[in-house]
2 protein chains.
Amino acid sequence: MSNPATIEDVARLADVSIATVSRAIHTPEKVAKTTRQRVNQAIAITGYTTNAMARSLRMGRSNMILVLAPDIADPNFSSILIGLENEARASGYGVLIGHTQNDAERGLEYLKFVSSGQAAGLVLFTGHQPFGHQALAERLPPSVAVFEPVFDSKIPYVGVDDKAGGRKAAEHLLSAGHRRIAFIGDSKTRLGQQRRRQGFDDAMNAARIAPENRLVLDGDGTIESGRLGVEQLFMRDTLPTAFMCVNDATALGVMNGLAARGYDIPREFSVIGFDDVPQATYVKPALTTIRQPRSAIGKQAMASLLTMLETPEQEPTEHLIIPDLIVRGSVSEPLSASLR
Amino acid sequence: MSNPATIEDVARLADVSIATVSRAIHTPEKVAKTTRQRVNQAIAITGYTTNAMARSLRMGRSNMILVLAPDIADPNFSSILIGLENEARASGYGVLIGHTQNDAERGLEYLKFVSSGQAAGLVLFTGHQPFGHQALAERLPPSVAVFEPVFDSKIPYVGVDDKAGGRKAAEHLLSAGHRRIAFIGDSKTRLGQQRRRQGFDDAMNAARIAPENRLVLDGDGTIESGRLGVEQLFMRDTLPTAFMCVNDATALGVMNGLAARGYDIPREFSVIGFDDVPQATYVKPALTTIRQPRSAIGKQAMASLLTMLETPEQEPTEHLIIPDLIVRGSVSEPLSASLR
DNA sequence: TTGTACGCGTTATCAC
DNA sequence: GTGATAACGCGTACAA
């Protein structure tokens, strides 16, 4: 008998019906002490564990949450994940991760997984809807987006307040005395990046910085895009005194590009990032940045998802968390100021 | 009708029995052209997708592989994962990730997942058996271990040849002229670490280095353990001229500790790591190390697992891949040699 | 070529 | 307090 024991094996051994076994497990108070004991004994002997699949099939709902991530190596991912997991586990849910690699086929596969009821809810780390059959995509289970809002959808988003964070970053640069600032990493499709850009603009407007002193460059948030931004800027007439980067990866690229040209940070150029990835502390000088409250995001996102599961009628809400500025070594006053 | 369409909805619409629908999907050649077309049309209209859960329950086998990882942020993990995924997908399997955080409760949860047939196979990234019910642990599905062999078990291991790698690293140090070398990161429980240590010993023996010139320190493979190793060594009389670290994290810690004491690498001390994590290139000087052939490991591991699934009678085999030495900037000849 | 009916392991609704 | 039994959605002998 190498097959896992079923509820029937237990029933036979305890000499009761399978109904009684099920009751003994889920509503112990409704079964007589003595029978309950017999059942428990039988369970111990057979090593019975309820078959989660059959259970979910019958109940039409599982206790697993699927987290969809395009890139598992994203330094933001793991700590958000831990927040998600801890909160889920506290409510008796388990967490499974699907790695989509930004690939439609893989997305479809996971979509089938959830649509067949093997997951009760979905956490999207992707910034877009999972691809796949139209029919499947329309029947998404309760879902939340973390880290990046889902473009063009009504999926509730839990994450950092990008606009407020962007504003904080820009203000830090301004208060250090910078007046000509480059924003690296504008985007037409990524909502989070757009919002950070908005915060930047708000701060610049409030400080009455003329538009020609705002150098805005596109970028996709990669290290390369940061390097590229530096190159593009050096081909222009006017250089900024500070770089505000849409995220830390971009900032790392910018620092890299600047270092390659022999410039000293922060003496000659100031750089500020966004996210506070682990890398930010290792680089020299350590990167001043805006910190993502990652585990708080995970915790809140899962909490939202779970309430959606328990009370489906309730309208889901966005949850924006204001981030903190982390001052390290990559920002100082502009060179021109100290020359005066 | 917001519920997903079932096979019965399709059958009704195509005016056939569910058996015919099932056949039309799985053995199209066994159903008449005209009926097949009607069925396909009905499928298209309803947006039907077969319920993977019911299917697995009926067939007693799913097409998902579960990957168990204690720490999703391990820089070694993601590229091994991609190797696993590509290979799995080529054979029609999907990959799901369970993050155990080295926690027994979580391990048990995932164990239940597989034991209820929701995953056909298991990939262990943990270095130990998943914890849980004895009964469950004994009924593990076909499994392979990657990255780190599973201690005290017969689960086949696919990974780097740690001993050969350890030997290569030591030989590199020796051929640079070092004769007093510290090994940081010995372990009594972790097989991979032990094997690297063995390779180290082999090389030292072959070079006839006296045991008193081998400084072996315990360590758990974390950055902290590297720092700690440096501290411990500096409290002794004799210092090594080179550090062979059980992995890159340890090496980073060692470099960190050395830098904190104002030493120059590689002029005053040489350091070599093992793994070749992304970090290794960013640090200064860039770390000379042994490279894990990560995606090859993932590919081979999944291939092994899949053959175990298809032909269960076959004896599983270990698969050791010889790693390459990656020479960067953290090793040079010992200071004493250049002083001569 | 197609349809009927059973079973996979549960839970829940009835009766007793 | 307990036991039959009907679902959940699917695949597949077996019968037609």
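For every chain, the first residue of the written sequence is number 1, and numbering continues from 1 onward in sequence order. Chain labels run from A onward and ligand labels from 1 onward, assigned in the order the entries are written. Given that the model is predicted, a residue must reach a pLDDT of at least 70 before its local features are reported, and side-chain atom pairs must reach 80 or more before they are shown or counted; all residues, however, enter totals for whole chains, interfaces and linings. Excluded from the side-chain calculation are hydrogens and water; included are all heavy atoms of the structure.

The name given to chain A in an unreviewed UniProt entry is LacI family repressor for deo operon, udp, cdd, tsx, nupC, and nupG, with Rhizobium rhizoryzae as the source organism.

> An account of helix α6 (residues 104-115) of chain B is requested, with residue identities and associated values reported.
All names here are of chain B. With 12 residues, α6 extends 16 Å from end C-alpha to end C-alpha; this agrees with the ideal 16 Å at 1.5 Å per step. Every buried residue belonging to α6 is among R106, G107, L108, E109, Y110, L111, F113 and V114, and all of these are buried. Phi for G117, located one or two positions after α6, is positive at around 85°. Helical segments are the DSSP runs of H or I of at least four residues, strand segments are the runs of E of at least two, and each set is numbered from the N terminus. The length a helix should cover is 1.5 Å for every residue beyond the first. Burial status follows relative accessibility: with a 1.4 Å probe on protein chains alone, a residue under 20% of its type maximum counts as buried, one over 50% as exposed, and anything between as partly exposed.

> Requested: an account of the protein's contact with DNA strand D, with residues and values cited.
Among the 25 residues in the neighbourhood of DNA strand D, the closest are listed as T20, R23 and A32 of chain A together with I7 and R58 of chain B. What you see for DNA strand D is that sugar and phosphate hold 59% of its atoms within 4 Å of the protein. Within the backbone of S17 of chain A, one N or O atom sits 3.0 Å away from a phosphate oxygen of DNA strand D. Polar contacts here mean pairs of N or O atoms no more than 3.5 Å apart (in protein, one a potential hydrogen donor and the other a potential acceptor; neighbouring residues in sequence count only if both atoms are side-chain atoms). Note that a phosphate oxygen of DNA strand D is positioned 3.2 Å from one of the side-chain N or O atoms of H26 of chain B. For each residue, the test is whether any non-hydrogen atom lies within 4 Å of the molecule or strand; if one does, the residue is near.

> I'd like a rundown of the protein's contact with DNA strand C, residues and numbers included.
Contacts to DNA strand C come from 24 residues, most closely from I7, H26 and R58 of chain A together with T20 and R58 of chain B. Between S17 of chain B and DNA strand C, the recorded distance is 2.9 Å, taken from a backbone N or O atom to a phosphate oxygen. Side-chain polar atom of R23 of chain B to a base nitrogen of DNA strand C: 2.9 Å apart, as the coordinates give it. For the surface near DNA strand C, the secondary structure elements donating two or more residues are α2 (18-26) and α4 (52-59) of chain A together with α2 (18-26) and α4 (52-59) of chain B. For the surface near DNA strand C, a count of residues per class yields 11 nonpolar, 9 polar and 4 charged. Any residue that is not Ala, Val, Leu, Ile, Met, Phe, Trp, Tyr, Cys, Pro, Asp, Glu, Lys or Arg is counted as polar, Gly included; the first ten are nonpolar and the last four charged.

> Which residues make up the interface of chain A and chain B, and what are the values?
Contact with chain A, which involves 49 residues of that partner, is made by 49 residues of chain B. By convention, the term buried area covers the 1.4 Å-probe accessible surface removed from two parts as they join, with the contributions of both added. Around 4,000 Å² of area is buried between chain A and chain B when both sides are counted, 57% of it from carbon and sulfur atoms. When residues of chain A are sorted by the area they lose upon contact with chain B, M53, R89 and R139 of chain A head the list and together hold 16% of the total. Just to be clear on terms, a salt bridge is a Lys or Arg side-chain nitrogen sitting within 4 Å of an Asp or Glu carboxyl oxygen. Summed over the shared surface of chain A and chain B, the number is 2 salt bridges. Ionic pairing is found between R89 of chain B and E109 of chain A, a salt bridge with its closest N-O pair at 3.8 Å. Here chain A is connected to chain B by 9 residue pairs in polar contact (both at pLDDT 80 or more). Elements represented by at least two residues in the side of chain A that touches chain B include exactly α4, β1 (64-69), α5 (77-90), β2 (94-99), α6 (104-115), α7 (134-138) and α12 (279-282) of chain A. If you tally residues by element for the side of chain A that touches chain B, the top one is α6 of chain A, at 7 residues. Should any heavy atoms of two residues lie within 4.5 Å, those residues are counted as being in contact.

> Please set out the sheet that holds strand β7 (residues 214-218) of chain A residue by residue, giving values where relevant.
Residue and element names in this part refer to chain A. Criterion used throughout: strands pair if DSSP finds at least two bridges between them. Strand order in the open sheet formed by 4 strands is β7-β6-β8-β9, and the pairing between neighbours is parallel. Edge positions in the sheet fall to β7 and β9 (270-272), since each has one partner strand and no second. Along the sheet, successive strands turn relative to each other by an average axial angle of 20°, direction set aside. Relative to β7, strand β6 (residues 181-186) runs parallel, the two being bridged by 5 bridges. Within the sheet, the bridge partner assigned to F183 lies in β7 and is V216. In this analysis an axis means a line fitted to C-alpha atoms, helices contributing only their contacting stretch, and an angle means the value between N-to-C directions, from 0 to 180 degrees. Running at roughly 160° to β6, helix α9 (residues 191-206) makes contact with β6, β7 and β8 (242-245) of the sheet.

> I'd like a rundown of the relation of the copies chain A and chain B, residues and numbers included.
Here the copies are superposed with least squares, the fitted atoms being C-alpha atoms of residues at a pLDDT of at least 70 in both. With an RMSD of 0.1 Å, chain A superimposes on chain B once it is rotated by 180° and translated 0.1 Å along the axis. In the structure described here, the two chain copies are related by an operation that fits a two-fold rotation axis. The position closest to the rotation axis in chain A is occupied by the C-alpha of I97 of chain A, lying 2.4 Å away. Residue by residue, 100% of the interface of chain A is reproduced at the interface of chain B, so both copies engage with the same surface.

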